[in-house]
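The chain contents come next:
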Amino acid sequence: ATEDDKTAVTRYFADKYALEVMDASMEDLAAQGLVGDGGFIDGILLSVESVDAGRDTVTVTGSKYRSGLGANGFESRLARQDGSWVLEDTTMTWIS
């Protein structure tokens, strides 16, 4: 992803949920002292592992992490409908 892509996603989540959004890895969060006992974080770490983009469809594979026992993987499919991207389906691929 480009820096512009990351900025757009960060801004989207910050505006939609009125929360502080950071472009940071788990290692970055730990270095800032934001990872507690048991790997617990005060927030949610979203990671995108892959994006398979076609002309009118996109599949995003990633994960959501809150703690070692509170994480899951997902695959989301989006489709372009009437000029806008619409979430068609999300499937959980694993859970901790």
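Residues numbered from 1 in each chain as written. Predicted model: local features only at pLDDT ≥ 70, side-chain atom pairs only at ≥ 80, totals over all residues. Heavy atoms only, no water.

Asker: What exactly am I supposed to notice about the pattern of salt bridges here?
Answerer: Working definition: two side chains of opposite charge can pair if their charged atoms are close together. Scanning all chains against the criterion turns up five salt bridges. With its nearest N and O atoms 3.8 Å apart, the salt bridge here joins Glu3 to Lys6. With a gap of three residues between them, Glu3 and Lys6 both fall in helix 1 (residues 3-17), about one helical turn apart. Assessed through its relative accessible area of 33%, Lys6 is described here as partly exposed. (Salt bridge = Lys/Arg side-chain N within 4 Å of Asp/Glu carboxyl O. Helix = DSSP H or I, 4+ residues; strand = E, 2+ residues; numbered from the N terminus. Buried < 20%, exposed > 50% of the residue type's maximum accessible area, 1.4 Å probe, protein only.)

Asker: Help me understand the side chain of Ser76 in this model?
Answerer: Locating Ser76 in the fold gives a position in strand 3 (residues 70-81). At 2.9 Å, the side chain of Ser76 and the side chain of Thr90 are in polar contact. Ignoring any residue separated from it by four or fewer positions in sequence, one finds Ser76 in contact with Val58, Thr59, Val60, Leu87, Asp89 and Thr90. (Polar contact = N/O pair within 3.5 Å; in protein donor to acceptor, adjacent residues only side chain to side chain. Contact = heavy atoms within 4.5 Å.)

Asker: Explanation requested: the sheet that holds strand 2 (residues 57-67) in the structure shown.
Answerer: Strand-to-strand pairing in sheets goes through backbone hydrogen bonds, with the strands running parallel or antiparallel. Across the sheet, four strands lie side by side as 1-2-3-4; this open sheet has antiparallel pairing. Each edge of the open sheet carries a strand with a single partner, namely strand 1 (45-53) and strand 4 (84-95). Averaged over all pairs of adjacent strands, the angle between their axes in this sheet comes to 20°, without regard to strand direction. (Pairing = 2+ DSSP bridges. Axes fitted to C-alpha atoms, helices over the stretch in contact; angles between N-to-C directions.)

Asker: Before we go on, may I ask you to explain helix 1 in this structure?
Answerer: Since there are 3.6 residues in each turn of an α-helix, residues three or four apart along the chain are aligned in direction. A rise of 1.5 Å per residue sets the reference length of helix 1, with its 15 residues, at 21 Å; its end C-alpha atoms lie 21 Å apart and thus fit the reference within 8%. Just past helix 1, the residue Ala18 takes up positive phi, approximately 50°. (Expected span 1.5 Å × (residues − 1).)

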